[in-house]
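Here is what each chain is made of, one letter per residue.
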Amino acid sequence: MDKLLIRGGNTLQGEVLISGAKNAALPELCATLLTAEPVTLLNVPRLQDVSTMLTLIRNMGVQVEQGADGAVHINAGPLSAPEAPYELVKTMRASVLALGPLLARFGEATVSLPGGCAIGSRPVDQHLKGLTAMGAEIVVEHGYMIAKLPKGRTRLKGARIATDMVTVTGTENFLMAAALAEGETILENAAQEPEIPDLAEMLIKMGAKIEGHGTSRIRIQGVERLHGCTHQVVADRIETGTFLCAVAATGGDVVLKHGRADHLDAVIDKLRDAGATVEAIAGGIRVQSQGRLKAQSFRTTEYPGFPTDMQAQFMALNAISHGASKVTETIFENRFMHVNELVRLGAHIQIDGKVSVIEGVPKLSGATVMATDLRASASLVIAGLVAEGETMVDRIYHLDRGYDQMEAKLRGIGADIERLT
């Protein structure tokens, strides 16, 4: 099992190329199932979750060709098995995104209940509720969601879907299913994360009729068929935010090429309040930091609020900042698992339910720590970059699920970090 060895204390200087967003690439790979024509996706990140999704659609009979430059060419015309077995999706919650496209195009789908990071309950009941409103008959048995259209129907039907909570993958599933449904679908309480409009723009290139994407109310007019397209995956805002926090913590001056400042307003506002300099430049973002910053309290919430996927990374920054801060996690009930590992490095953090209270310390000290989920692993890397001595981060397969060659990118801007196999 791979580990990362980090020798802390270096400032970061130079340029980092931000990869395509995992949370956009996964639904867009599923969207290719909606058409029998070839689709090309550009800027696809090299991640374990992406590899798992490609294996999954290959298993369905889809033709997949990967280029060295991040291009993936997909032809779902030969698709013959509209199912996603547990063996292929047990490590990835995004597998539920295959349900809507398969059901919309083939009138049936069998998809395993998903796995993924153990950061809390993310039930699929909202997906089932919405697709049932569109006319699907769905049963859950033996760990699988088995969906089909009623006898005599060949297409899903448009519906008004108001979810009980804001759900990103639910919004994406409904977008894809509604694109081929009969009539109009209106999504109320829709997620607004940047990956949603990126998926919608891809579907529009394929011939879908969508309005309102990027707002809480999306309108889709279903069409009979979709065609192929070429689409570039949007830059990963969470990778961008992770590198912003890393530079803020270590000090330095780094340009994040392709980073989108307009996708990270809440995070950038907190970094500026802390004392870092963050500015949007042509083609990216520049971040500069010097000395200890001021600790910042924040509360995670749905986009455009502070993202739960940046909570752990910013907490690592708070751990070595001046003053006390309070971090409130409202999205996932089990997303403070990194706290015990940060404490092993010398952080002063106490948890009370959904709230963590952090007392900033002047320095951390290297130790062996264990990654517990994707974003927790990133927080431990940031902490290791500033800790005195050596930090060993174990179980970094979590990191590989969401970061494209993170250690190589960090080495390129001056970090002393290496992967041990």
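Residues numbered from 1 in each chain as written. Predicted model: local features only at pLDDT ≥ 70, side-chain atom pairs only at ≥ 80, totals over all residues. Heavy atoms only, no water.

### Here's the deal with helix H6 (residues 168–179)
Then, in step 1: Helix length check: H6, at 12 residues, gives a terminal C-alpha distance of 17 Å against a target of 16 Å (1.5 Å per residue), a fit within 8%.
Then, in step 2: Listed in full, the buried residues belonging to H6 are Gly170, Thr171, Glu172, Asn173, Phe174, Leu175, Met176, Ala177, Ala178 and Ala179. (Helix = DSSP H or I, 4+ residues; strand = E, 2+ residues; numbered from the N terminus. Expected span 1.5 Å × (residues − 1). Buried < 20%, exposed > 50% of the residue type's maximum accessible area, 1.4 Å probe, protein only.)

### Some words on the sheet that holds strand E7 (residues 108–112)
Then, in step 1: Strand order in the open sheet made by the 4 strands is E6-E7-E9-E8, with mixed pairing throughout. Every interior strand has two partners, whereas the edge strands, strand E6 (83–84) and strand E8 (137–141), have only one. (Pairing = 2+ DSSP bridges.)

### Quick word on the environment of Val168
Then, in step 1: Within the secondary structure, Val168 is located in helix H6.
Then, in step 2: According to the relative accessible area criterion, Val168 is partly exposed, its value standing at 28%.
Then, in step 3: For the pair Val168 and Ile358, spaced 190 residues apart in sequence, the C-alpha separation works out to 30 Å.
Then, in step 4: Filtering out sequence-adjacent residues up to four positions away, Val168 remains in contact with Ala191, Glu193 and Ile196. (Contact = heavy atoms within 4.5 Å.)

### A closer look at the nonpolar core
Then, in step 1: With 76 residues, the main nonpolar core has Leu175 and Leu203 as its most contacted residues.
Then, in step 2: Formed by 66 residues, the second largest nonpolar core is a distinct cluster that contains Ile285, Met310, Ile320 and Val327. (Core = buried A, V, L, I, M, F, W, Y, C linked by side-chain atoms within 4.5 Å.)

### A look at the pairing of strand E15 (residues 252–257)
Then, in step 1: Burial analysis of E15 places 5 of its 6 residues in the buried class, the great majority of the element.
Then, in step 2: Note: strand E2 (residues 12–17) against E15, 6 bridges, orientation parallel. Its bridge partner being in E15, Gly14 is matched across the sheet by Val254.
Then, in step 3: As paired elements, E15 and strand E17 (residues 284–289) share 6 bridges and run antiparallel to each other. When the sheet's bridge partners are listed, Leu256 is paired in E17 with Ile285.

### Here's the deal with the side chain of Asp236
Then, in step 1: Among the secondary structure elements, Asp236 is positioned in the loop between strand E14 (230–232) and helix H8 (237–250).
Then, in step 2: Here Asp236 is buried and forms no salt bridge, its nearest opposite-charge partner Arg375 lying at an N-O distance of 5.2 Å.
Then, in step 3: Here Ile238 takes part through its backbone nitrogen, which lies 2.9 Å from a polar atom of the side chain of Asp236.
Then, in step 4: In contact with Asp236, not counting residues within four places along its chain, are Ile18, Ser19, Gly20, Ala21, Lys22 and Gly402. (Lys, Arg positive; Asp, Glu negative; His and termini not counted. Salt bridge = Lys/Arg side-chain N within 4 Å of Asp/Glu carboxyl O. Polar contact = N/O pair within 3.5 Å; in protein donor to acceptor, adjacent residues only side chain to side chain.)

### So, the pattern of salt bridges
Then, in step 1: Taken as a whole, this structure holds 21 salt bridges when the rule is applied.
Then, in step 2: With a closest N to O distance of 3.0 Å, Arg219 and Glu184 form a salt bridge. Highlighted residues: Arg219 in strand E13 (residues 217–221) and Glu184 in strand E11 (residues 184–188), separated in sequence by 35 residues.
Then, in step 3: Judged by its relative accessible area of 33%, Glu184 falls in the partly exposed class.

### Considerations on the environment of Asn10
Then, in step 1: Structurally, Asn10 is set in the loop between strand E1 (3–7) and E2.
Then, in step 2: Residues Asn10 and Arg217, 207 residues apart in the sequence, show an inter-C-alpha distance of 46 Å.
Then, in step 3: Ignoring any residue separated from it by four or fewer positions in sequence, one finds Asn10 in contact with Thr250, Leu385, Gly414, Ala415 and Asp416.
Then, in step 4: In terms of polar contacts, Asn10 uses its side chain to reach the backbone carbonyl oxygen of Gly414, at 2.9 Å.

### Some details on the packing of aromatic side chains
Then, in step 1: Per the counting criterion, the structure on display carries 3 aromatic pairs.
Then, in step 2: Ring plane angle 70° and centroid distance 5.4 Å describe the contact between Phe298 and Phe314, whose orientation is recorded as edge-to-face. Within this pair, whereas Phe298 is found in strand E18 (residues 298–299), its partner Phe314 is found in helix H10 (residues 311–319), the two being separated by 16 residues in sequence.
Then, in step 3: Overall, the relative accessible area of 6% leaves Phe298 in the buried class.
Then, in step 4: Given the relative accessible area of 1%, Phe314 is considered buried.
Then, in step 5: An angle of 80° between the planes, with centres 5.7 Å apart, marks the rings of Phe306 and Phe314 as edge-to-face. For the pair Phe306 and Phe314, one class covers both residues: buried.
Then, in step 6: Taken together through their ring pairs, the aromatic side chains of Phe298, Phe306 and Phe314 make up a single cluster. (Phe/Tyr/Trp six-rings, centres within 6.5 Å; stacked < 30°, edge-to-face > 60°.)

### A few points about the pairing of strand E21 (residues 355–359)
Then, in step 1: Every second residue of E21 is oriented toward a common face, the buried set being Ser356 and Ile358 and the non-buried set Val355, Val357 and Glu359.
Then, in step 2: Counted along the chain from strand E20 (residues 348–352) to the antiparallel partner E21, the turn is 2 residues long, and its residue Gly353 has a positive phi close to 65°.

### Quick word on the sheet that holds strand E3 (residues 39–42)
Then, in step 1: On the basis of which strands lie adjacent, the open sheet formed by 4 strands has the order E4-E5-E3-E14 and mixed pairing. Pairing within the sheet leaves two strands with one partner each, and these edge strands are strand E4 (63–66) and E14. Each strand of the sheet is rotated relative to its neighbour by a mean of 15°, with strand direction disregarded.
Then, in step 2: Pairing analysis gives 4 bridges linking E4 to strand E5 (residues 72–75), with the strands arranged antiparallel. In the sheet register, Glu65 faces E5, and the bridge partner there is His73. (Axes fitted to C-alpha atoms, helices over the stretch in contact; angles between N-to-C directions.)

Honestly, that's just the spatial picture; any functional story needs more than this.
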